Amino acid sequence: MNLFSMNSPFARGMRRLVMMLHAGLLWFLCSIPLVTAGAATAALYEVLLQAVKDREGYVGSSFFRAFRGNLRQGIPLGLLTLAAGVVAGVNVFYYGVLGGEAFRLQAVLFGILFLLVLTVSSYLFAAMAKFRNTVGGHIRMALVLTFRNIGWSAAVLVIQVLTLFLIWFFVWFPLLFIMGITGYLQAAIFDHIFEKLIDNGMILETDAPADSSDG
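Counting restarts for each chain, with residues numbered from 1 along the sequence as it is written. Note on the predicted model: pLDDT of at least 70 is required for a residue's local features to be given, and 80 or more for side-chain atom pairs to be given and counted; whole-chain, interface and lining totals, by contrast, use all residues. Heavy atoms throughout the structure, all of them, feed into the side-chain values; hydrogens and water do not.

1. With respect to the packing of helix α1 (residues 9-31) against helix α3 (residues 59-98)
Next up, step 1: All axes here are fitted lines through C-alpha atoms, helices being fitted over the stretch that makes contact, and every angle between N-to-C directions spans 0 to 180 degrees. Helix and strand labels come from DSSP, where a helix needs a run of H or I of at least four residues and a strand needs a run of E of at least two; each type is numbered from the N terminus. The contact between α1 and α3 brings their axes to 10 Å, and the two run at 35 degrees. Once α1 is placed against α3, the crossing between them reads as right-handed. Taking contact as the criterion, the partners of M19, H22, A23, L26, W27 and C30 in α1 are, on α3, V59, G60, F63, F64 and F67.
Next up, step 2: Residues are sorted three ways: Asp, Glu, Lys and Arg are charged, Ala, Val, Leu, Ile, Met, Phe, Trp, Tyr, Cys and Pro are nonpolar, and all the rest, Gly among them, are polar. Of the residues belonging to the contact of α1 with α3, the class tally is 9 nonpolar, 2 polar and no charged. Helix crossings are classified by the rotation of the near helix relative to the far one: an anticlockwise turn of less than a right angle makes the crossing left-handed, while a clockwise turn makes it right-handed. Contacts are residue-level and defined by heavy atoms, with any inter-residue pair within 4.5 Å sufficient.

As structure tokens, this is what we get:
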């Protein structure tokens, strides 16, 4: 097969890479206000979960449809996870760097909390992209799935930490694209987990993003 033909593995791989970069760029642009970062992350996962199954369609229209559909729940959940991450991160710095040996235990505890926030937030927004639920229901589901799939959760955490590492050392540039690539790796993991839940009848799949409020 010709390496550069439309259906060659190389061409398909390049199309998939362009799709990931496109989705990552849309995530970056829609996350700039910060308050919309949660909805943007859920939209990113919705596009990438479809891409894992080779059903991504038009990335731009799919992303913005999902973004609008997830605004109602994405704003409060995005602010909640952002606040939790900032609080944990600031305390790690305070106790670990400024506190010295006397506060080593506190630094470790807040470090664990920071890593937990990273992992649970990934499950949270992926679940928003895949299932209808209340705000509280999404949080409970994310926590349960995190601890019921320890091996996969560790893989998700490694990807998250790698993302932060790249952003930290290369300043802002990776933010333009990196979430599409690392998000796709996570989406492949979440697709495996979610399909097992659906196949076992533990939860029903929906085609539209959640828009219900907790109550």
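Read on for the rest.
2. Considering a nonpolar patch on the surface
Next up, step 1: Residues L34, V35, I75, L79, L82, V86 and V90 make up a contiguous nonpolar surface patch of roughly 550 Å² in combined accessible area.
Next up, step 2: By the element assignment, L79 lies in helix α3. Grouping into patches uses exposed residues only, defined as over 30% relative accessible area, and leaves out salt-bridged ones; the cut-off is 9 Å for like charges and 5 Å for nonpolar side chains (Val, Leu, Ile, Met, Phe, Trp, Tyr). Here the open area of atoms and residues is found with the Shrake-Rupley method and a 1.4 Å probe, where only the protein chains shown may cover a residue. Each salt bridge in this description consists of a side-chain nitrogen of Lys or Arg and a carboxyl oxygen of Asp or Glu lying within 4 Å of one another.

3. Things to note about α3
Next up, step 1: Between its terminal C-alpha atoms α3 stretches only 45 Å, short of the 58 Å expected from 40 residues at 1.5 Å a residue.
Next up, step 2: To get the bend at any residue, fit one axis to the seven residues that end at it and another to the seven that begin at it, then take the angle between the two axes. The largest bend along α3 reaches roughly 65 degrees and is located at L71.
Next up, step 3: Following α3 by one or two positions, G100 has its phi on the positive side, about 75 degrees. One fewer than the residue count of a helix, multiplied by 1.5 Å, yields its expected span.

4. Description of the environment of G38
Next up, step 1: Its location among the elements puts G38 in helix α2 (residues 37-52).
Next up, step 2: Type-normalised accessible area, obtained with a 1.4 Å probe on protein chains alone, sets the label of each residue: buried when under 20%, exposed when over 50%, and partly exposed for intermediate values. Take G38: its relative accessible area is 1%, and that puts it in the buried class.
Next up, step 3: Counting along the chain gives 87 residues from G38 to F125, while the straight-line C-alpha distance between them is 7.1 Å.
Next up, step 4: In this structure, G38 is in contact with G74, G78 and F125, ignoring residues within four places of it in sequence.

5. Observations regarding unusual backbone geometry
Next up, step 1: Although it is not a glycine, L34 sits at a positive phi angle of roughly 70 degrees.
Next up, step 2: Relative to the helices and strands, L34 is located in the loop between α1 and α2.

6. Re the nonpolar core
Next up, step 1: Residues enter a nonpolar core if they are buried and are Ala, Val, Leu, Ile, Met, Phe, Trp, Tyr or Cys, with the set joined through side-chain atoms within 4.5 Å. By size, the foremost hydrophobic cluster in this structure holds 47 residues, and its most contacted members are F63, F190 and F194.
Next up, step 2: Counting only elements with at least two residues in this core, the list comes to α1, α2, α3, α4 (104-130), α5 (135-148), α6 (150-169) and α7 (178-199).

7. A short note on the packing of α1 against α2
Next up, step 1: Viewed as axis vectors pointing N to C, α1 and α2 meet at an angle of 165 degrees, and their least axial separation amounts to 8 Å. With respect to their mutual orientation, α1 and α2 come out roughly antiparallel. For the pair α1 and α2, the crossing hand works out as right-handed. Contact with α1, carried on its side by R16, M19, A23, G24, W27, C30 and S31, involves A37, A40, T41, L44, V47, L48 and A51 of α2 and no other residues of that element.
Next up, step 2: In terms of residue class, the contact of α1 with α2 is built from 10 nonpolar, 3 polar and 1 charged. Comment on the angle field: the value is read as roughly parallel under 35 degrees, roughly antiparallel over 145, roughly perpendicular from 65 to 115, and oblique elsewhere.

8. Section: α7
Next up, step 1: The terminal C-alpha atoms of α7, which comprises 22 residues, lie 31 Å apart, in line with the 32 Å expected from a rise of 1.5 Å per residue.
Next up, step 2: The element α7 is extensively covered by neighbouring structure, given that 16 of its 22 residues are classed as buried.
Next up, step 3: Directly beyond the C-terminal end of α7, a positive phi value near 70 degrees is found at G201.

9. Here's the deal with the packing of aromatic side chains
Next up, step 1: In summary, the pairing rule links any two rings of Phe, Tyr or Trp, Trp by its six-membered ring, whose centres are within 6.5 Å, and it sorts them by plane angle into stacked for under 30 degrees, edge-to-face for over 60 and tilted for everything else. If you walk through the whole model with that rule in mind, you get 8 aromatic pairs.
Next up, step 2: Plain terms: the ring middles of Y95 and F110 are 5.8 Å apart, the flat faces sit at 15 degrees to each other, and that makes the pair stacked. Of this pair, Y95 sits in helix α3 while F110 is found in helix α4, placing the two residues 15 residues apart along the sequence.
Next up, step 3: Judged by relative accessible area, Y95 falls into the buried class, the value being 18%.
Next up, step 4: On the basis of relative accessibility, which here comes to 24%, the residue F110 falls in the partly exposed class.

10. A closer look at the pattern of salt bridges
Next up, step 1: Summed over the entire model, instances satisfying the criterion amount to 5 salt bridges.
Next up, step 2: D54 is the partner of R16 in a salt bridge, and the nearest nitrogen-oxygen pair spans 2.5 Å. Placement of R16 in helix α1 and of D54 in the loop between α2 and α3 is noted, with a sequence separation of 38 residues between them.
Next up, step 3: Between K53 and D191 there is a salt bridge whose closest N-O contact spans 3.1 Å. Taken together, the residues K53 in the loop between α2 and α3 and D191 in helix α7 connect sequence positions 138 residues apart.

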